[in-house]
Amino acid sequence: MVPIECKSALNRVGGMPFRWSLNPYRGCAHGCHYCYAMATHAYYGLTAEAFASTIFAKTNLAEVLRAELARPTWLNEKVAIGTATDPYQPCEGRLRITRAALEVLRERATPVSIVTKSTLILRDLEVLASMAERTRVSVNFSITTLDPATWRLVEPGTPPPWQRLAVMRRLVEAGVRCSVFLAPILPGITDSAESIEAVVRAAKEHGAATVWSSPLRLVPLVKAHYYDFVGEAFPDLLPRYRRAYAQANVSPAYQAAIHARVDKIRAAYGFGADDRSDKDDDPTVKVVAANPVANQLSLGL
């Protein structure tokens, strides 16, 4: 862990439905092989792989945030927390930077949304519940699979997904709105109807307000790392990935097909087909028109 001081806490976001983001850390120990944020470590001259091992902690974040929220120009807009790093990764247990930022945001009744894969968020249940009494609060749990073997391969540093679901239920019971982000969906790995249905069913059983999805996006630095991972763990898929991901996004046809599959399953469990009210909390989501699709998708080939 590398302590740093930030000049600003809030990041102005352009081209997204939300205008402000906040990331207490740079880098993430969860080590998810598909993480789009790995490319951000190039700013420090580091490799994508260093994203999981070199974590920069913004030790003065709460102090800077308090000053920013006190400005007369601040309109108390929603702040998205965790768009480029998990705010509850392991070092947060000791450093409590996210906790301090939440307490500052609570002082001003600032609306917040949080994206996490961590069970550590349960520590802050009382803070989140008290915030939810005064303003809009949403906690969004990223869950890509419930299959133990696949989870261990693709998200080696994360808590088990079923433990995340149990924590989500505790937050819902405390009055905090929670959702499940089935994102990213990994072509050929987690895109089967069975895999998707398992996550959607569990989300319903644990009190999620909604579920939305987004297929895998591979920007250049992330693509190289992900291809190395696929070549080792799923070698038969690698040639198909190379053909399907000539660009950062998989084909529009695949995107449409996977959204159609998810919408059908979501509807079966009582989630409205157009109920993607939390899609603005994650910058990777791409909502496209839906078309019918067979059970086995083919990476757009």
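In what follows, the structure referred to is the one given above.
Rules used throughout
- Residues numbered from 1 in each chain as written.
- Predicted model: local features only at pLDDT ≥ 70, side-chain atom pairs only at ≥ 80, totals over all residues.
- Heavy atoms only, no water.
- Buried < 20%, exposed > 50% of the residue type's maximum accessible area, 1.4 Å probe, protein only.
- Helix = DSSP H or I, 4+ residues; strand = E, 2+ residues; numbered from the N terminus.
- Arc of directions from axis to C-beta.
- Contact = heavy atoms within 4.5 Å.
- Salt bridge = Lys/Arg side-chain N within 4 Å of Asp/Glu carboxyl O.
- Axes fitted to C-alpha atoms, helices over the stretch in contact; angles between N-to-C directions.
- Parallel < 35°, antiparallel > 145°, perpendicular 65-115°, else oblique.
- Left-handed = near helix turned anticlockwise from the far one by under 90°.
- Phe/Tyr/Trp six-rings, centres within 6.5 Å; stacked < 30°, edge-to-face > 60°.
- Lys NZ or Arg CZ within 6 Å of the ring centre and 35° of its normal.
- Pairing = 2+ DSSP bridges.
- Expected span 1.5 Å × (residues − 1).

A. Quick look at helix 1 (residues 61-69). Every buried residue of helix 1 is listed here: Leu61, Ala62, Val64, Leu65, Glu68 and Leu69. Projected onto a plane normal to the axis of helix 1, the buried residues spread over an arc of 160° and lie on a single side. Buried positions along helix 1 lie against strand 3 (20-22), strand 5 (56-58) and helix 3 (97-107).

B. Examining the pattern of salt bridges more closely. On inspection of all chains with the given rule, the structure shows 9 salt bridges. Arg19 is paired through a salt bridge with Glu77; the nearest N and O atoms lie 3.1 Å apart. Taken together, the residues Arg19 in the loop between strand 2 (11-12) and strand 3 and Glu77 in the loop between helix 1 and strand 6 (79-81) connect sequence positions 58 residues apart. Arg99 serves as the salt-bridge partner of Asp124, at 2.8 Å between the closest nitrogen and oxygen. Remark: Arg99 occurs in helix 3 and Asp124 occurs in the loop between strand 7 (112-116) and helix 4 (125-132); sequence separation between them is 25 residues. Residue Arg99 is classed as buried on the basis of its relative accessible area, which comes to 17%. One network of salt bridges, in which partners are shared, links Glu92, Arg99, Glu103, Arg123 and Asp124.

C. View of the environment of Lys264. Considering the arrangement of structural elements, one finds Lys264 in helix 10 (residues 252-268). Assessed through its relative accessible area of 67%, Lys264 is described here as exposed. In the structure, Lys264 is positioned 93 residues away from Leu171 in sequence and 27 Å away in space, judged by C-alpha atoms.

D. View of the environment of Cys91. If you trace the backbone, Cys91 turns up in the loop between strand 6 and helix 2 (92-95). In this structure Cys91 comes out as buried when scored by relative accessible area, which is 14%. Remark: the alpha-carbon pair of Cys91 and Thr144, spanning 53 residues in sequence, is separated by 23 Å. Not counting the four nearest positions on each side in its chain, Cys91 is found in contact with Tyr25 and Ile55.

E. Focus on the packing of helix 1 against helix 3. Packing of helix 1 against helix 3 leaves a shortest axis separation of 9 Å and a crossing angle of 20°. As the angle between them shows, helix 1 and helix 3 are arranged roughly parallel. Considering the relative orientation of helix 1 and helix 3, their crossing is right-handed. Of helix 3, the residues touching helix 1 (which contributes Leu61, Ala62, Leu65, Arg66 and Leu69) are Ile97, Ala100, Ala101, Val104, Leu105 and Glu107.

F. Representation of the packing of aromatic side chains within the structure. Enumeration over the complete set of coordinates arrives at 7 aromatic pairs. When the centroid spacing of 6.0 Å and the interplanar angle of 75° are considered together, the rings of Phe229 and Phe234 count as edge-to-face. Neither residue differs from the other here; Phe229 and Phe234 are each classed as buried. Here a set of aromatic residues connected by ring pairs shows up, and it is made of Tyr226, Phe229, Phe234, Tyr241 and Tyr245. Just above the ring of Phe271 sits the side chain of Lys204; from NZ or CZ to the centre is 4.9 Å.

G. Summary view of the sheet that holds strand 7. Spatial strand order, 2-3-6-7-8-9-10: 7 strands in an open sheet with mixed pairing. Both edges of this open sheet fall to strand 2 and strand 10 (211-215), since each of them pairs with a single strand only. Bridge count between strand 8 (residues 137-142) and strand 9 (residues 177-185): 5 bridges; the pairing is parallel. Across the sheet, Ser142 pairs through a bridge with Phe181, a residue of strand 9. Taken strand by strand, helix 3 contacts strand 3, strand 6 and strand 7, and its axis lies near 165° from that of strand 6.

H. Examining helix 10 more closely. Helix length check: helix 10, at 17 residues, gives a terminal C-alpha distance of 24 Å against a target of 24 Å (1.5 Å per residue), a fit within 8%. Helix 10 sits mainly inside the fold: 12 of its 17 residues count as buried. Taken residue by residue, helix 10 has Tyr254, Gln255, Ala256, Ala257, Ile258, His259, Ala260, Arg261, Val262, Asp263, Ile265 and Arg266 as its buried positions. Of the surrounding elements, those touching the buried residues of helix 10 are strand 9, helix 7 (193-205) and strand 10. Gly270 occupies a position one or two residues after helix 10 and carries a positive phi of about 90°.

Read these as spatial facts, not as claims about activity.
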